[in-house]
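# Residue-level structure breakdown
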Amino acid sequence: MSSAAPRHDGPADGTDRELAQPGSVRHSLIELAVPAVLAEGLFALVGGWPGAGVGAVLLGVTGLLVARRVAGAGAETFSLRRQPRQMAVYEPGLGDWRWTVRQGLDPQGDAAPLRSRLQRLYAVRLAEVHGLNLWADRDRAAELIGPRLWPWIDPSAPAPAEVFPAEVLRRLADRLDSL
């Protein structure tokens, strides 16, 4: 048994600092509860008991809809939230990637789908890690990717060759991993 006092991460003066932080759940609830109570009072003044009942139902339904939205309705299959734009065209499976790589390495194949996918992967990685847009921040992206690999990813230039050399594809995958 430990005789140490319970740990308290709040300020020493005993006030709860979370209430003062905009964006916290408590702050949001307080900001929403004040107009709700005032609206309910207005309903009661205007309509008496029937008005107060209708107001309570309206505020309750609105509160539940807002809570559902805030709590993460995006986890369900139907949602009004927007999907991420860069990778939302379709979700490729591993078999699809194998076909794309095989086609990109084959002299009789088509390297365009492989190059397009690599460009999207680099665009996502540069945006997530470095806050860069592959198309708008081309100079900085070229610097990060490297002068030997940039021609294979450069979205405004044609591919350097019809076929991806296996070594270039390996270096592109390694560089993407190290970004």
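In this report, we go over the structure that sits alongside the text. (Residues numbered from 1 in each chain as written. Predicted model: local features only at pLDDT ≥ 70, side-chain atom pairs only at ≥ 80, totals over all residues. Heavy atoms only, no water.)

This next bit is on the pattern of salt bridges. Applying the stated rule across the entire model yields three salt bridges. Residue Glu167 is joined to Arg170 by a salt bridge in which the shortest nitrogen-to-oxygen separation is 3.2 Å. Taken together, the residues span about one helical turn, with Glu167 and Arg170 both in helix H6 (residues 166–178) at a distance of three residues. According to the relative accessible area criterion, Glu167 is partly exposed, its value standing at 44%. (Salt bridge = Lys/Arg side-chain N within 4 Å of Asp/Glu carboxyl O. Helix = DSSP H or I, 4+ residues; strand = E, 2+ residues; numbered from the N terminus. Buried < 20%, exposed > 50% of the residue type's maximum accessible area, 1.4 Å probe, protein only.)

Bringing the packing of helix H3 (residues 112–130) against H6 into the picture now. Following both chains from N to C, one finds H3 and H6 inclined at 20°, their axes separated by 10 Å at the closest point. Relative to H6, the element H3 is oriented roughly parallel. Two packed elements cross with a definite hand, and for H3 against H6 that hand is left-handed. Residues Leu114, Leu118, Leu121, Tyr122 and Arg125 of H3 form the contact with H6, whose participating residues are Leu169, Leu172, Arg175, Leu176 and Asp177. Residue classes in the contact of H3 with H6 are distributed as seven nonpolar, no polar and three charged. (Axes fitted to C-alpha atoms, helices over the stretch in contact; angles between N-to-C directions. Parallel < 35°, antiparallel > 145°, perpendicular 65-115°, else oblique. Left-handed = near helix turned anticlockwise from the far one by under 90°. Contact = heavy atoms within 4.5 Å. Nonpolar A, V, L, I, M, F, W, Y, C, P; charged D, E, K, R; others polar.)

For helix H4 (residues 138–145), the complete set of buried residues consists of Ala141, Ala142, Leu144 and Ile145. Projected down its long axis, H4 shows its buried positions confined to an angular sector of 165°, all on one face. Across from the buried face of H4, at angles greater than 90 degrees, the exposed residues are Asp139 and Glu143. Against the buried residues of H4 lie H3, helix H5 (150–153) and H6. Just downstream of H4, Gly146 is the residue with a positive phi angle, here 110°. (Arc of directions from axis to C-beta.)

To continue, consider the environment of Glu143. Inspection of the secondary structure assignment puts Glu143 in helix H4. In this structure the side chain of Glu143 is engaged in a polar contact, spanning 2.9 Å, whose partner is the side chain of Arg140. (Polar contact = N/O pair within 3.5 Å; in protein donor to acceptor, adjacent residues only side chain to side chain.)

On to the packing of H3 against H4, then. Any two packed helices are characterised by the angle at which their axes cross and by the distance between the axes. Contact pair H3 / H4: the axes reach a minimum separation of 12 Å and the direction vectors enclose 95°. Judged by the angle between their axes, H3 and H4 are roughly perpendicular. When H3 is examined against H4, the residues Tyr122, Leu126 and His130 are found in contact with a partner set consisting of Ala141, Leu144 and Ile145. Of the residues that constitute the contact of H3 with H4, the class distribution is five nonpolar, one polar and no charged.

The next subject is the side chain of Arg115. Among the secondary structure elements, Arg115 is positioned in helix H3. It is Asp154 that comes nearest to the buried, bridge-free Arg115 among opposite-charge side chains, at 5.9 Å. Among the polar contacts made by the side chain of Arg115, one reaches the main-chain carbonyl oxygen of Asp154 at a distance of 2.6 Å. Engagement of the side chain of Arg115 in a polar contact is seen with the backbone oxygen of Ala157, the distance being 2.9 Å. Once you skip the residues sitting within four places of it in the chain, Arg115 turns out to touch Pro151, Trp152, Ile153, Asp154, Ala157, Pro158, Ala159 and Phe164. (Lys, Arg positive; Asp, Glu negative; His and termini not counted.)

With respect to the helices and strands, Asp154 occurs in the loop between H5 and H6. For Asp154, a relative accessible area of 8% corresponds to the buried category. At a separation of 2.8 Å, a polar atom in the side chain of Asp154 contacts the side chain of Arg138. A polar contact is formed between the side chain of Asp154 and the side chain of Ser156, at a distance of 3.1 Å. Asp154 has contacts with Arg115, Gln119 and Arg138, leaving out every residue within four places of it along the chain.

As far as function goes, none of this settles anything; it's purely spatial.
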